[in-house]
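Observations on the three-dimensional arrangement
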Amino acid sequence: MAIQLKEINSKKILTEATGYLDIGFTHSLNPYSGCAFACRYCYVRELPIQRFKGIPWGQWIDIKKNARENYRKEMKSLRRKQQPVNIYMSSATDPYQPIERKVQITRGVLEEMLEYPPDVLVIQTRGTLIERDKDLLVELKEKCKLIVSLTIETDREDVKQIFAPYAPSINKRLEVLKKLHDANITTQAAVSPVLPFTHEFPKRLKDKVDYIWIDTLTIGDGADGKRSLRLKMPDLFVENHFSEWYKQDLHIKVAEYFKRYFPNEMIRVSKQEAFLK
């Protein structure tokens with residue numbers, strides 16, 4: 001799949017948190033626009049940034065080459081105003097998609113964070129490249145509240161291939177989660193969105209996570225399932241004989257199942273529990 005790459009100078013790198021993130025986060029941080037993982041269920045496909053792009057999702061990436069400089073400048077301004085800074089990275093892209101290996105925009109921002117740390121940083125990714133930055137994360141966790149949230153929406157590789165064929169394998173993500181956890185970095189498995197999984201899924205997360213965060217396509221796409229509907233997700237579930245996994249109350253059943261294996265305080269559900277106090 002050919003991807004159109006473009007270097008840009010962004011006006012800002014920190015965006016005030018609204019909507020789904022307005023529950024404790026103050027800002028989102030997206031080192032890129034666009035995402036090469038191109039997951040079929042991604043709600044960003046339905047946002048204006050994509051709907052008016054004219055290029056299919058997954059086939060373009062804007063590289064914010066001045067992200068590091070912007071972060072330093074914006075953090076200095078926020079600290080002068082004595083404002084809290086709770087960052088979600090990232091909300092509309094993946095900070096560890098493949099291009100990051102070459103251009104290192106995310107790593108540059110993390111290096112700036114060592115000098116100008118936020119109060120809270122949640123890194124949301126499905127990219128196993130995050131293992132490269134373990135050295136920075138170990139330092140950063142001493143300067144702010146840090147959570148690495150790795151998307152593991154299923155334990156079935158065949159299911160992953162249907163919904164997110166360009167994303168790293170489930171086994172590799174589990175390996176990286178374990179390595180970060182063993183480095184005393186607070187880790188979270190984001191079962192988001194919930195995709196069909198086996199009865200062994202909770203066992204595969206044992207000793208790898210501090211938290212498990214559960215969300216679904218019907219409550220977690222930022223539009224009460226309307227974006228997922230427009231993306232024809234119900235049809236895709238039916239086509240693959242997964243229709244029983246596309247239900248309004250799925251998050252309740254999944255949370256109850258995981259609570260058989262983990263303490264209640266480790267299980268978090270959707271928007272209201274997305275920000276860890």
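You'll find the structure just up there.
Every value quoted in this text rests on a predicted model; they were computed, and no experiment measured them. In this numbering scheme, every chain counts its residues from 1 along its sequence in written order. Owing to the predicted nature of the model, reporting of local features is limited to residues with pLDDT of at least 70; listing and counting of side-chain atom pairs is limited to 80 or more, with chain, interface and lining totals taken over all residues. Hydrogens and water are ignored here; the side-chain numbers use all heavy atoms of the structure.

1. Description of the packing of helix α2 (residues 67–80) against helix α4 (residues 105–115)
Helix packing geometry: the angle between the two helix axes and the distance between the axes. Two numbers describe how α2 lies on α4: the axes approach to 8 Å, and their chain directions differ by 25°. Considered as vectors, α2 and α4 are oriented roughly parallel to each other. Seen from above, α2 lies across α4 with right-handed handedness. Residues Ala67, Arg68, Tyr71 and Arg72 of α2 touch α4, and the partners they reach there are Ile105, Gly108, Val109, Glu111, Glu112 and Met113. In this classification, Asp, Glu, Lys and Arg are treated as charged, Ala, Val, Leu, Ile, Met, Phe, Trp, Tyr, Cys and Pro as nonpolar, and every other residue, Gly included, as polar. Classifying every residue of the contact of α2 with α4 by side-chain character gives 5 nonpolar, 1 polar and 4 charged. For every element, the axis is a line fit to its C-alpha atoms; helices are fit only across the contacting stretch, and the angle between N-to-C directions ranges from 0 to 180 degrees. Starting at the N terminus, helices and strands are each numbered in turn, a helix being any DSSP run of H or I of at least four residues and a strand any DSSP run of E of at least two. Any angle that falls under 35 degrees is termed roughly parallel, while one over 145 is termed roughly antiparallel, one within 65 to 115 roughly perpendicular, and all others oblique. Two helices crossing with the near one rotated counterclockwise from the far one by less than a right angle form a left-handed crossing, whereas a clockwise rotation gives a right-handed crossing. What makes two residues a contact is simply this: any of their non-hydrogen atoms within 4.5 Å.

2. Topic: the environment of Ala38
When you line up the elements, Ala38 lands in the loop between β4 (32–33) and α1 (48–51). Sequence separation of Ala38 and Asn240 is 202 residues, and the distance between their C-alpha atoms is 19 Å. If we ignore the near neighbours within four places in the chain, the residues touching Ala38 are Arg45, Trp57, Gly58 and Tyr166.

3. Quick word on the nonpolar core
In this structure, Phe163, Leu205, Ile212, Ile214 and Phe258 are the most contacted members of the largest nonpolar core, which totals 46 residues. Of all the secondary-structure elements, those providing two or more residues to this core are α6 (157–163), α7 (170–182), β9 (187–191), α8 (201–205), β10 (211–214), α10 (233–239), α11 (250–258) and β11 (267–269). Per element, the largest residue contribution to this core is 5 residues, and it comes from α11. With residues near it in sequence (within four places) discarded, Ile212 still touches Ala189, Val191, Leu205, Phe258, Phe262, Met266, Ile267 and Arg268. One finds Tyr32, Ile105, Met113 and Leu121 within the second-largest nonpolar core, a separate group that totals 35 residues. Take the buried Ala, Val, Leu, Ile, Met, Phe, Trp, Tyr and Cys residues and link them wherever side-chain atoms come within 4.5 Å; each set so joined is a nonpolar core. The buried label goes to any residue with under 20% of its type's maximum accessible area, the exposed label to any with over 50%, and the partly exposed label to all in between, with areas taken from a 1.4 Å probe on protein chains only.

4. Focus on the pairing of strand β7 (residues 120–125)
With 6 of 6 residues buried, β7 lies mostly within the body of the structure. Here β7 shows two buried faces, one formed by Val120, Val122 and Gln124 and the other by Leu121, Ile123 and Thr125. For two strands to count as paired, DSSP must find a minimum of two bridges between them. Relative to β7, strand β6 (residues 86–89) runs parallel, the two being bridged by 4 bridges. Directly across from Asn86, in β7, lies its bridge partner Val120. Judged from the 6 bridges that link them, β7 and strand β8 (residues 145–151) form a sheet pairing that is parallel. Bridge pairing links Leu121 to Leu146 in β8. Taking the sense of rotation as the criterion, the β-α-β connection linking β7, helix α5 (residues 134–140) and β8 turns out right-handed. The handedness rule is simple: strands pointing away from the viewer, and a clockwise path from the first strand over the helix to the second, make the crossover right-handed.

5. Focus on a positive patch on the surface
Residues form patches when they are more than 30% accessible in relative terms and have no salt bridge. Like charges link within 9 Å. Nonpolar side chains (Val, Leu, Ile, Met, Phe, Trp, Tyr) link within 5 Å. In this description, accessible areas are obtained by the Shrake-Rupley approach with a 1.4 Å probe, and a residue is regarded as covered only by the protein chains that are shown. Salt-bridge detection follows one rule: a side-chain nitrogen of Lys or Arg within 4 Å of a carboxyl oxygen of Asp or Glu. We score Asp and Glu as negative and Lys and Arg as positive, and we do not count His or the chain ends. In plain terms, the charge of a residue is placed at NZ if it is Lys, CZ if Arg, CG if Asp and CD if Glu. Together, Lys12, Lys76, Arg80 and Lys81 make up a region of like positive charge exposed at the surface. If you trace the backbone, Arg80 turns up in helix α2. On the basis of relative accessibility, which here comes to 64%, the residue Arg80 falls in the exposed class.

6. Comments concerning the sheet that holds β7
Taken in spatial order, the 8 strands of this open sheet run β2-β3-β6-β7-β8-β9-β10-β11, and their pairing is mixed. The open sheet has two edge strands, β2 (14–16) and β11, and neither has a second partner. Averaged over all neighbouring strand pairs, the angle between strand axes comes to 25°, with direction disregarded. On the sheet, α2 packs against β2, β3 (27–29) and β6 and is oriented at approximately 45° with respect to β2. Set on the sheet, α7 makes contact with β8 and β9; between it and β9 the angle comes to about 155°.

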